Amino acid sequence: MTAPTLVLLVRHGLTPTTGLTLPGRAPGLHLAEAGRRQAEAAGARIARLGGVAAVYTSPLERARETGAAIARACRLKARVEPGLNEVQIGRWTGLSLAKVRRKPEWRSVLRHPSGFRFPDGESFPEMQARVVEALQRLCQRHPGETIVAVSHGDPIKAAVAFALGVPLDLFNRIVIAPASVTAIAFRPSGPFMLTVNSSDGDLAGLGG
């Protein structure tokens, strides 16, 4: 039997704008001090699991900084994977959540994301396809190994929905907290969810 590739999806740690604005792919947003502590804690948890072969991150600073902390704990060097990037939100970039929630389109984002495209940006199905393709490519590169993929809330939720066979229109029911670990085992027969949104505790059982 071919051993599965274990993918540990980690959302980046807290930033100064988390829960306040939609930063999208705007450059220059770094981890807050609390986010740096979260990244270090996530790295320590993952290092205790052992056997991590590689750490990949979204190109954005907040993800790279989180990935660097995890890579240091695992004695590795993080590598950038563009497919793990945040959803491209186009003209919504930088808007406050309070303003976005007043937009009539917000109902579509919550209730029918599969039919929504951000103005001058991506649709949710395009984002999901991009993230899943990236994860599958990384699994082909690391058959039977354990890897870390540092990304963002919506891309990780989309990957979880894919792994569970959940319609994308329900993916907003999935919660992915900053610096949480979500584990998916990719096998030839398909993906298997091992844990979602884990923020503390021992990860040792994921290898079984």
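Structure: above.
Note that this is a predicted model, so its numbers are computed, not measured.

Undergrad: Talk me through the overall build of the protein chain; I want residue IDs and the actual numbers.
TA: In terms of helices and strands, the protein chain carries six helices and six strands. Counted from the first residue to the last, the protein chain has its helices and strands arranged as β-α-β-α-β-α-α-α-β-α-β-β. Over its C-alpha atoms the protein chain spans a radius of gyration of 16 Å, differing by no more than 12% from the 17 Å that the globule rule assigns to 208 residues. In terms of overall dimensions, the protein chain has a C-alpha envelope of 50 × 40 × 25 Å along the principal axes. The proportion of buried residues among the 208 residues of the protein chain is 50%. Nonlocal contacts in the protein chain, meaning residues at least 24 apart in sequence, comprise 70% of its contacts between residues at least 6 apart. Total accessible area on the protein chain stands at roughly 9600 Å², and carbon and sulfur atoms take up 53% of it.

Undergrad: Quick one: what's the story with the sheet that holds strand β2 (residues 52-57), residue by residue and with numbers?
TA: The six strands lie next to each other as β3-β2-β4-β1-β5-β6, forming an open sheet whose pairing is mixed. With one partner strand each, in any of the chains shown, β3 (79-80) and β6 (190-198) form the two edges of the open sheet. Across six bridges, strand β5 (residues 181-187) lies against β6 in antiparallel orientation. Counted as the bridge partner of I184 is M193 from β6. On top of the sheet, helix α5 (residues 124-141) reaches β1 (5-11), β2, β4 (146-151) and β5; it is set at about 135° to β1, its chief contact. Running over the sheet, helix α6 (residues 153-164) touches β1, β4, β5 and β6 and is turned about 135° from β6.

Undergrad: Which residues make up the pairing of β1, and what values go with them?
TA: For a regular strand, the rule is simple: side chains alternate between the two faces of the sheet. Among the seven residues that make up β1, seven are buried, leaving the element largely enclosed by the rest of the structure. Every second residue of β1 is oriented toward a common face, with T5, V7, L9 and R11 on one face and L6, L8 and V10 on the other, all of them buried. Relative to β5, β1 runs antiparallel, the two being bridged by six bridges. Each residue of the ladder has a partner; that of V10, found in β5, is V181. Here β1 runs beside β4; their pairing, made up of six bridges, is parallel. Looking across to β4, one finds that R11 is bridged to S151.

Undergrad: Now, about the nonpolar core: what can you tell me, with residues and values included?
TA: In this structure, V7, L9, W92, F124 and L135 are the most contacted members of the largest nonpolar core, which totals 36 residues. Looking at this core, the elements that each hand over two or more residues are β1, β2, α3 (97-101), α4 (106-111), α5, β4, α6 and β5. Once you skip the residues sitting within four places of it in the chain, L135 turns out to touch V7, L9, L84, A149, A159 and F186. By size, the runner-up hydrophobic cluster in this structure holds 17 residues, among which are A63, C74, V150 and A183.

Undergrad: For the pattern of salt bridges, give the residues involved together with the corresponding values.
TA: Within the structure shown, the criterion is met by 10 salt bridges. Of the charged contacts in the structure, one is a salt bridge between R72 and E40, with a shortest N-O distance of 2.9 Å. You can see R72 sitting in helix α2 (residues 61-73) and its partner E40 sitting in helix α1 (residues 33-49), a full 32 residues away along the chain. For R91, the salt bridge goes to D120, with nearest N and O atoms at 2.8 Å.

Undergrad: Now, about the side chain of E86: what can you tell me, with residues and values included?
TA: Mapped onto the elements, E86 comes out in the loop between β3 and α3. We note that E86 is buried and unpaired, the nearest opposite charge coming from R62 at a distance of 4.0 Å.

How each quantity is defined
Residues numbered from 1 in each chain as written. Predicted model: local features only at pLDDT ≥ 70, side-chain atom pairs only at ≥ 80, totals over all residues. Heavy atoms only, no water. Helix = DSSP H or I, 4+ residues; strand = E, 2+ residues; numbered from the N terminus. Rg over C-alpha atoms; globule rule 2.2 N^0.38 Å. Buried < 20%, exposed > 50% of the residue type's maximum accessible area, 1.4 Å probe, protein only. Contact = heavy atoms within 4.5 Å. Areas by Shrake-Rupley, 256 points an atom, 1.4 Å probe, with all protein chains shown as cover. Pairing = 2+ DSSP bridges. Axes fitted to C-alpha atoms, helices over the stretch in contact; angles between N-to-C directions. Core = buried A, V, L, I, M, F, W, Y, C linked by side-chain atoms within 4.5 Å. Salt bridge = Lys/Arg side-chain N within 4 Å of Asp/Glu carboxyl O. Lys, Arg positive; Asp, Glu negative; His and termini not counted.

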